[in-house]
Amino acid sequence: MPGSTEKCLFCRIVSGDIPANIVLDDPDVVAFEDINPQAPTHLLFVPRRHIASIDAMSDADSSAVGLLVARASAVARDRHLHEEGYRLVFNQGDAAGQTVYHIHLHLLGGRGFSWPPG
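Residues numbered from 1 in each chain as written. Predicted model: local features only at pLDDT ≥ 70, side-chain atom pairs only at ≥ 80, totals over all residues. Heavy atoms only, no water.

Caption draft 1: Local environment of the layout of surface pockets. Looking at the largest pocket, its volume works out to about 760 Å³. The wall of the largest pocket is formed by 33 residues, among which D34, Q38, H42, N91 and H106 lie closest to the centre. Only α1 (9-15), β2 (29-33), β3 (41-47), β4 (86-89) and β5 (105-109) provide two or more residues apiece to the lining of the largest pocket. Residue composition of the lining of the largest pocket, grouped by class: 17 nonpolar, 12 polar and 4 charged. (1 Å grid on protein atoms, 1.4 Å probe; cavity = no way out; pocket = protein on both sides within 12 Å on 5 of 7 lines; lining within 4 Å. Points joined across faces, edges and corners; volume = space filled by probe spheres on them. Helix = DSSP H or I, 4+ residues; strand = E, 2+ residues; numbered from the N terminus. Nonpolar A, V, L, I, M, F, W, Y, C, P; charged D, E, K, R; others polar.)

Caption draft 2: A look at a nonpolar patch on the surface. There is a patch of nonpolar side chains on the surface, built from I54, V69, L88 and F90 and spanning about 250 Å² of accessible area. Residue placement: F90 occurs in the loop between β4 and β5. F90 sits in the partly exposed class, given a relative accessible area of 30%. (Patch = residues over 30% accessible without salt bridge, like charges linked within 9 Å, V, L, I, M, F, W, Y side chains within 5 Å. Areas by Shrake-Rupley, 256 points an atom, 1.4 Å probe, with all protein chains shown as cover. Salt bridge = Lys/Arg side-chain N within 4 Å of Asp/Glu carboxyl O. Buried < 20%, exposed > 50% of the residue type's maximum accessible area, 1.4 Å probe, protein only.)

Caption draft 3: Inspection of the nonpolar core at higher detail. Of all hydrophobic cores here, the largest spans 16 residues; its most connected members are F45, L68, V75 and L107. Broken down by secondary-structure element, the contributors of at least two residues to this core are β2, β3, α2 (62-78) and β5. At 6 residues, the largest contribution of residues to this core is made by α2. With sequence-adjacent residues up to four places away left out, L68 is seen in contact with V29, F45, V46, P47, F90, I103 and L105. Grouped together as the second largest cluster of nonpolar side chains are 10 residues, I13, V14, F32 and V46 included. (Core = buried A, V, L, I, M, F, W, Y, C linked by side-chain atoms within 4.5 Å. Contact = heavy atoms within 4.5 Å.)

Caption draft 4: Focus on the side chain of D26. Structurally, the position occupied by D26 is in the loop between β1 (22-25) and β2. In this structure D26 comes out as buried when scored by relative accessible area, which is 17%. Reaching out from D26, the side chain makes a polar contact with the backbone nitrogen of D28 at a distance of 2.8 Å. If near-sequence neighbours (up to four positions away) are discounted, D26 is found in contact with R48 and R71. (Polar contact = N/O pair within 3.5 Å; in protein donor to acceptor, adjacent residues only side chain to side chain.)

Caption draft 5: Just unusual backbone geometry, in detail. Following W115, the chain continues to P116 via a peptide bond in cis, the omega torsion being 0°. Topologically, P116 is positioned in the segment after β5. Unlike most non-glycine residues, H80 shows phi in positive territory, near 60°. Mapped onto the elements, H80 comes out in the loop between α2 and β4.

This is the structure:
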């Protein structure tokens, strides 16, 4: 259910109720490997605080998005993805492919990507 924290998969990963391959865990952001990777590197970056979607964000939530991007770029540099390039993606809504209603940033790298996507 969009907006609900009770059954939110990502809230349960953040809380440790569901195991995941965590690659970053700090006071604001948790990042983990996607269970259905679309590239050799496919990580998800989520704010610890539940925000259902980009459309559900308030102005006060905008810093959370900046932190997701900053953490993703740092991990991309650590993994040397910046040398060839990588893609950062937010999906908003069902038609765009959002399946978990907790904002998350996809970091994809390790292969070439075409444009336009999908």
